[in-house]
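Summary of structural features
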Amino acid sequence: MKKKLLSAVLSVAVVASLLVGCGSDAGTTSSEGASAGGTKVGVSMPTKDLQRWNQDGSNMEAELKAAGYEVDLQYASNDVQTQVSQIENMISSGADVLVIAAIEGSSLGEALDMAKDANIPVIAYDRLLMNSDAVSYYATFDNYMVGTVQGQYVVDTLDLDNAAGPFNLEITAGDPGDNNAGYFFNGAYDVLKPYIESGKLNVVSGQQTFDECATPTWATEVSQKRAEDILSSYYSDGTNVDVWLCSNDSTALGVENALAANYNGNYPIITGQDCDIENTKNMIAGKQSMSVFKDTRTLASQVVKMVGQILKGEEVDVNDTTTYDNGTGVIPSYLCQPVFADVNNYKELLIDSGYYTEDQLK
Ligand code: BGC
């Protein structure tokens, strides 16, 4: 079965459909039905600590089961060695395809080598698996676009092309071990750079490279601590921070906690990503300005579709064959489209679509 699978994977022509966003039919996989019986999909998720991965995992499990696959879903508690062992166990217990959202994109080498030796196709989920030629496909959201949506929001909200400024800006970026983090940062920074260079935006702390702004493991406490340090060093004299650009919601939450405890100035514009429940509540309460909604249901559906196409030796739907080089070459990718969210459209995006119930946001 595995040998046949590999040749099927190698023989599929990549469909560079150049569609933007996930197709509306992403949920109707061609693998649905009896033919999926006896086929096992290993799904490795980084952690249960952050809300989105629980949703990603359970959406995928439900969709894969509905398509008739057996599912081995594991969460690795943000511990790389645990993730390696879990993937190795999936391989030895007969997984036919692996779907992996890595804790650290470059640290799963041994497990990926084992998958390759066993001819098991690997789909990198949301985060690219780096420096391994075991990776067949990548499915994610357009990560650079997430950053440009955040940056453009700042430009528009402050009316940077017309307002006199200058405005004070601080930046909180993501985990250096996550390949996505650089895309988010660069997408936003590329939009804001002209205004930083012209002096209309002033980074008071001076911390504006990715490394200076990074948040290892995306942890809320880590971003909170850094924000507290910045506030006490640069803003305790009454200086206002006008914008705090945060790459995602878990880091934005840390900044929001720090502001609540250590800041008396005008409340800044704060960006985020994911529409986590706590952050959506904060948007409703005026403590976070926006987020970027990445509907994990669409990504899960797209991946289930990919799994079916791989297993059946069909053409695999991708829409980007240039952006994501993992160090061994470009990995054919499917990029779903992220969507701007704020207090004005959250109901439609999150409640009307059934992503959350109204009660969850109370
Ligand atoms: C994901 C983001 C998420 C972050 C922290 C990134 O890889 O793309 O959606 O906020 O990890 O979990």
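So, a few notes on the structure that sits alongside this text. This one's a predicted model, so the numbers in the text were calculated from it and none came from an experiment.

Attention now goes to the site of the ligand. Inspection of the region around the ligand gives 13 residues, with Arg52, Asp126, Arg127, Asp178 and Asp274 positioned closest. A distance of 2.7 Å separates an oxygen atom of the ligand from a polar atom in the side chain of Arg127. The side chain of Asp274 places a nitrogen or oxygen atom 2.5 Å from an oxygen atom of the ligand. In the complex, the protein chains occlude 99% of the 310 Å² of accessible area that the ligand would expose alone. Within the residue set of the shell around the ligand, elements represented by two or more residues are helix 2 (51-66) and helix 6 (179-198). Residue composition of the shell around the ligand, grouped by class: four nonpolar, three polar and six charged.

Let's shift gears to the environment of Thr328. Considering the arrangement of structural elements, one finds Thr328 in the loop between strand 12 (316-318) and strand 13 (333-336). Judged by relative accessible area, which is 44%, Thr328 ranks as partly exposed. Put simply, Thr328 and Asn131 are 197 residues apart on the chain and 5.8 Å apart in space, counted from C-alpha to C-alpha. For Thr328, the residues in contact, after removing those within four places along its chain, are Asn131, Ser132 and Asp133.

Moving on to the pattern of salt bridges. One pass over the full model with this rule turns up 11 salt bridges. Between Asp133 and Lys116 there is a salt bridge, with its nearest N and O atoms 3.0 Å apart. Of this pair, Asp133 sits in the loop between strand 5 (122-125) and strand 6 (135-141) while Lys116 sits in helix 4 (residues 109-117), and the two are 17 residues apart along the sequence. Under the relative-accessibility criterion, Asp133 is labelled partly exposed at 49%. Asp295 serves as the salt-bridge partner of Arg297, at 2.8 Å between the closest nitrogen and oxygen. Given the relative accessible area of 24%, Arg297 is considered partly exposed. Under the relative-accessibility criterion, Asp295 is labelled buried at 17%.

Conventions adopted
- Residues numbered from 1 in each chain as written.
- Predicted model: local features only at pLDDT ≥ 70, side-chain atom pairs only at ≥ 80, totals over all residues.
- Heavy atoms only, no water.
- Near = heavy atom within 4 Å.
- Polar contact = N/O pair within 3.5 Å; in protein donor to acceptor, adjacent residues only side chain to side chain.
- Areas by Shrake-Rupley, 256 points an atom, 1.4 Å probe, with all protein chains shown as cover.
- Helix = DSSP H or I, 4+ residues; strand = E, 2+ residues; numbered from the N terminus.
- Nonpolar A, V, L, I, M, F, W, Y, C, P; charged D, E, K, R; others polar.
- Buried < 20%, exposed > 50% of the residue type's maximum accessible area, 1.4 Å probe, protein only.
- Contact = heavy atoms within 4.5 Å.
- Salt bridge = Lys/Arg side-chain N within 4 Å of Asp/Glu carboxyl O.

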